[in-house]
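# Structural features, examined
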Amino acid sequence: MTGLSSSYGLDRMRLLVTGGAGYIGSVCAARLVEAGHEVVVLDDLSTGHRDAVPDGCRFIQRSVEDAATVLAEGFDGVLHFAARSLVGESVTHPQRYWLGNVVASLRLLEAMREHGTPRLVFSSTAATYGEPESVPIIEEAATRPTNPYGATKLAIDHAISSYALAHGIAAVSLRYFNVAGAYGQYGERHLVETHLIPLILQVALGHRDEIMVFGDDWPTADGTCIRDYIHVLDLADAHERALAHAVPGQHRIYNLGNGTGFSVLQVLDTCRQVTGHPIPARATARRPGDPAVLIASSDRARSELGWKQERCDLAMIIADAWQFARRYPR
Ligand code: UDP
C-alpha cells in the first residue's frame, strides 16, 4: 500500500475488480478510482461493455479463471463482481452457473491463496435466502435458495468462509437486494434485460409497447410483488466500507437494501411520474420462483460498517436510471 489517504481511512490500495465492465462493477470501480485507489479491471466482456470500464482503470480482457496470472503482480484486495446472474437461465442452463460462478470463483480463491492476496469483497445476493419466513430478512435467516443462481452464490459464500478461516483472508460478502439507479455514464445495460425498472424505462423510450406485471394476485396490499430497491451508489459505498472493515481470518456477511419495500405497481407509477410517459401495463401470470415480498434488514451493515443510505427515495433512484437510459437507449 502506498501513502495516499482515501475515504474511510483506507490507504491507497491496489485492487482487482472482476466484472468491472458490468453494471455494479463499473460503478464500484469508478468510485474506487475517485477514492484514490489503483484499480485493475478483469472482465471477459461476455456480458460487460468495454466502454463501461471507468477511466483511470487498467483493463485486462480475460476470464476470472485466469486471475492467478494477474494476482501474481501483487494486490491488496479483490472485489469479485463477475458472475452470471439470470435466474431463468440458471434453471435452464445450470452448468453455466456451476462452472461460470462456482468453479471460476474457486479458481479466484485459489489464486488469492497462492499469491497471498489479503482481502476479498464478494457480490452475494438476496437469492441465497430463497422464500423468506419473515421480513425484513436478517443475515441469520435460513438460506434455502430456490434456483441455481442463488445456490451457486451460496456455495461460493461457503467456500469463502472456509478460505478466510484457513488462510487468513479478510472477506466480506454483500448480499444485494434489488439494485437500481445509475451513476452518470455507468448504469444498467444488459443485452438480455429481465429487471423491472430498465424494462419499464424501455417502454417509456418507445422500445417496448407495454410492461407485463407478473401477477396481481399476490398476498400484498395491491396484489403485486414487493421488492427492496437500493441505489447502486449506496451499494458502491458499502463496498468501500467493507474493504475498510474486513478482518483477516473472518468472513462477514451483510444484507444491503433500502429497508423499504415497493410493489411493482408503485414502481410503475413512480416511473410514470419521472418519465411523464403513460407506460401501458398488463397483468400476466406469476413468474415462477418469485417470492411475494423481499425486504432486507441492513441493520448489521449500518452498525458494523457505519453504512447509511443517502438515496432511499424511489423517484430519485428511478430518475438516475432514466437519465442513464436516455443516454444509452440501446
Ligand atoms: N417484474 C414484472 N415484470 C417484469 C419484470 C419484473 O412484474 O417484466 C416483477 C418481478 O416479478 C418481481 C419484481 O418485478 O416481482 C422485480 O423483478 P426483477 O427481475 O427486477 O428483480 P428480482 O426481484 O427478480 O431480483
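Because the structure is a prediction, the values reported are computed rather than measured.

## Focus on the overall build of the protein
Scanning the protein from terminus to terminus reveals ten helices and 15 strands. A compact globule built from 330 residues would reach a C-alpha radius of gyration of about 20 Å, and the protein, at 19 Å, matches this within 12%. Out of the 330 residues belonging to the protein, those deemed buried represent 53%. Of the contacts formed within the protein by residues at least 6 apart in sequence, a portion of 78% connects residues at least 24 apart. For the protein, the exposed surface amounts to about 13,800 Å²; the carbon and sulfur share of it is 51%. Across the protein, the 30 positively charged side chains and the 37 negatively charged ones have centroids separated by 3 Å.

## Side note on the site of the ligand
In the vicinity of the ligand, 15 residues are found, and the nearest of them are Leu-196, Met-212, Arg-227, Arg-287 and Asp-290. One of the backbone N or O atoms of Thr-194 is found 3.4 Å from an oxygen atom in the ligand. Between a nitrogen atom of the ligand and a main-chain N or O atom of Met-212, the distance comes to 2.7 Å. Sorting elements by how many residues they give to the shell around the ligand places strand S10 (residues 211–214) first, with four residues. Considering only residue class, the shell around the ligand consists of nine nonpolar, three polar and three charged.

## Some thoughts on the nonpolar core
Grouped together as the largest cluster of nonpolar side chains are 40 residues, with contacts concentrated most on Ile-24 and Leu-174. When residues of this core are traced back to their parent elements, those giving at least two are strand S3 (14–18), helix H1 (23–34), strand S4 (38–42), strand S8 (170–176), helix H7 (232–245), strand S13 (251–256) and helix H9 (299–305). Ignoring any residue separated from it by four or fewer positions in sequence, one finds Leu-174 in contact with Val-121, Phe-122, Ser-123, Ser-124, Thr-125, Ala-238, His-239, Ala-242, Tyr-254 and Leu-256. In terms of nonpolar packing, the next biggest core, distinct from the first, is built from 26 residues, Leu-196, Cys-271, Ile-318 and Ala-325 among them.

Criteria and cut-off values
Residues numbered from 1 in each chain as written. Predicted model: local features only at pLDDT ≥ 70, side-chain atom pairs only at ≥ 80, totals over all residues. Heavy atoms only, no water. Helix = DSSP H or I, 4+ residues; strand = E, 2+ residues; numbered from the N terminus. Rg over C-alpha atoms; globule rule 2.2 N^0.38 Å. Buried < 20%, exposed > 50% of the residue type's maximum accessible area, 1.4 Å probe, protein only. Contact = heavy atoms within 4.5 Å. Areas by Shrake-Rupley, 256 points an atom, 1.4 Å probe, with all protein chains shown as cover. Lys, Arg positive; Asp, Glu negative; His and termini not counted. Charge placed at Lys NZ, Arg CZ, Asp CG, Glu CD. Near = heavy atom within 4 Å. Polar contact = N/O pair within 3.5 Å; in protein donor to acceptor, adjacent residues only side chain to side chain. Nonpolar A, V, L, I, M, F, W, Y, C, P; charged D, E, K, R; others polar. Core = buried A, V, L, I, M, F, W, Y, C linked by side-chain atoms within 4.5 Å.

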